[in-house]
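Each chain, written out:
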Amino acid sequence: MTFPPLCHSAVKTISLTRFLIEEQRAARVNPELRLLIEVVARACKSISVAVGKGALGGVLGDAGTGNGASINVQGEAQKKLDVISNEILMDANAWGGHLAGLASEEMDHSQRIPDAYPRGNYLLLFDPLDGSSNIDVNVSVGTIFSVLRCPEGVTEPDDEHFLQPGTTQVAAGYTVYGPSTLLVLTVGHGTHAFTLDREIGSFVLTSRDMQIPPDTKEFAINASNQRHWEAPVQQYVADMLAGKEGPRGKDFNMRWVASMVADVHRIMTRGGIFTYPLDAKCAAKGGKLRLMYEANPMAFLVEQAGGAASTGRQRMLEVQPTALHQRVPVFLGSRNEVAEAVRYHTDYDAG
Ligand code: AHG
Ligand code: MN
Ligand code: MN
């Protein structure tokens, strides 16, 4: 058999598989991590199929029967698709030999890979279905994941072994199950987007090296919490709302999907700032969004795309986690706008 001349093999489409093999050849990813990412991507395809069936698949509505919805460790009612997506990711990742343990929004504690299978060198954390309040109204939802190294010498990882700052992540990504299914990925060398070609069942590279514009006129916040926000956030948002006549000297637009994946993906594409600040309702918990499988992976992806991510008072990726389901305030997106939000906190704290 003869291969076509090399110049003709410069195919127009680069699948996720080809992309990862080329990353491996460039020593940016090792075979074990490549396999791990392929497995997560495959699981996300299955979730995409389940989400896409909607009412026809009987997958809408709350999980649990009889005495109301089942409640997860967060104290939140689980949707059927939260449970299904968690099971898909757990099943897909159990047997490949690339992981030592997994942790999920939907499970109280991390789980070790069963003894029946070899254990690998990585730890995987995920939010199996992000934005689940949007499932029943047919608005975009997604999956978020973060990959850490299992600490040296640890073969039986527990929750404590997952408590590593976001700077130690070796890969992170999210999928959006929207009009198209997208996977956005970083292994620490830029942020890249892949669109699912539903006819061939393969993720295809559609944006290499995404770049978030440094400045923006668009912000995302759940404004219904305004009366609960802490003072610097009140001031920051008030100044944006004041528009051209206010201290910011420009008019802002606002968007809030209530699926972090969809809001972050908009910012990845055209810039903006996404905020879920500390407010009186969530202050006791430290915030609304979870550090380990929402804020950190998104912060890694955003930084790799030239953006910034902060708690308002600290670079997100440098927060030392103290609990698996720890919550944090989140400000991420266009780097100059994140710096502006941080400045309101710094000025306030300085009196
Ligand atoms: P999840 O569905 O995984 O619990 O996450 C929901 C999160 C996030 O996706 C979104 O930005 C935020 O909660 C929405 O919160 P509000 O409903 O308070 O707007
Ligand atoms: Mn979520
Ligand atoms: Mn979720």
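In what follows, the structure referred to is the one given above.
Quick caveat: nothing in here was measured; it's all calculated off a predicted structure.

### Describing the coordination of the manganese ion (ligand 2)
Phase 1: Protein coordination at the manganese ion (ligand 2) comes from Asp 127 (OD), Asp 130 (OD) and Glu 294 (OE), with a distance range of 1.9 to 2.1 Å.
Phase 2: Read N to C, the donor residues that coordinate the manganese ion (ligand 2) are spaced as D-x2-D-x163-E.
Phase 3: Metal-to-metal, the separation of the manganese ion (ligand 2) and the manganese ion (ligand 3) is 3.8 Å; Asp 127 coordinates the two. Here Asp 127 is found in strand β3 (residues 122–130), whereas its partner Glu 294 is found in helix α7 (residues 291–304), with 167 residues between them in sequence.
Phase 4: Residue Glu 294 is classed as buried on the basis of its relative accessible area, which comes to 1%.

### A few points about the sheet that holds strand β2 (residues 111–112)
Paired through their backbone hydrogen bonds, the strands of a sheet run either parallel or antiparallel.
Phase 1: Here we have eight strands laid out as an open sheet, ordered β2-β1-β3-β4-β5-β6-β7-β8, and mixed in their pairing. A single partner strand is all that each edge strand has here, and the edge strands are β2 and β8 (202–207).
Phase 2: Summarising the sheet, β3 and strand β4 (residues 141–149) pair through seven bridges and their orientation is antiparallel. Bridging across to β4, Leu 123 finds its partner in Leu 148.
Phase 3: Across the sheet, helix α6 (residues 260–270) is in contact with β3, β4, β5 (171–177), β6 (181–186) and β7 (191–197); its angle to β5 comes to roughly 105 degrees.

### Things to note about the site of ligand 1
Phase 1: Around ligand 1, the structure places 18 residues, and the nearest of them are Asp 130, Ser 132, Asn 222, Met 260 and Tyr 276.
Phase 2: One of the backbone N or O atoms of Met 260 is found 2.8 Å from an oxygen atom in ligand 1.
Phase 3: For ligand 1, an oxygen atom lies 3.3 Å from a polar atom in the side chain of Lys 288.
Phase 4: Considering ligand 1 on its own, with 470 Å² of exposed area, one finds that the protein chains cover 87% of that surface.
Phase 5: Looking at which element gives the most residues to the shell around ligand 1, the answer is β3, with three residues.
Phase 6: Its residues placed into classes, the shell around ligand 1 shows seven nonpolar, four polar and seven charged.

### Section: unusual backbone geometry
Phase 1: Notably, Asn 138 is not glycine yet its phi reads approximately 60 degrees, a positive angle.
Phase 2: Examined against the element boundaries, Asn 138 turns out to sit in the loop between β3 and β4.
Phase 3: Exposure remark for Asn 138: the relative accessible area of 74% places this residue in the exposed category.
Phase 4: Positive phi is not limited to glycine here, since Ala 258 has a value of about 75 degrees.
Phase 5: Its location among the elements puts Ala 258 in the loop between β10 (253–254) and α6.

### Regarding helix α3 (residues 80–94)
Phase 1: With 15 residues, α3 extends 21 Å from end C-alpha to end C-alpha; this agrees with the ideal 21 Å at 1.5 Å per step.
Phase 2: Buried within α3 we find Leu 81, Asp 82, Ser 85, Asn 86, Ile 88, Leu 89, Met 90, Ala 92, Asn 93 and Ala 94.
Phase 3: Its buried side turned inward, α3 meets α2 (31–53), β1 (99–104), β2, β3 and β4.

Scoring rules and cut-offs
Residues numbered from 1 in each chain as written. Chains lettered and ligands numbered in written order. Predicted model: local features only at pLDDT ≥ 70, side-chain atom pairs only at ≥ 80, totals over all residues. Heavy atoms only, no water. Donors = N, O, S within 2.8 Å, 3.2 Å for Na, K, Ca; no water. Helix = DSSP H or I, 4+ residues; strand = E, 2+ residues; numbered from the N terminus. Buried < 20%, exposed > 50% of the residue type's maximum accessible area, 1.4 Å probe, protein only. Pairing = 2+ DSSP bridges. Contact = heavy atoms within 4.5 Å. Axes fitted to C-alpha atoms, helices over the stretch in contact; angles between N-to-C directions. Near = heavy atom within 4 Å. Polar contact = N/O pair within 3.5 Å; in protein donor to acceptor, adjacent residues only side chain to side chain. Areas by Shrake-Rupley, 256 points an atom, 1.4 Å probe, with all protein chains shown as cover. Nonpolar A, V, L, I, M, F, W, Y, C, P; charged D, E, K, R; others polar. Expected span 1.5 Å × (residues − 1).

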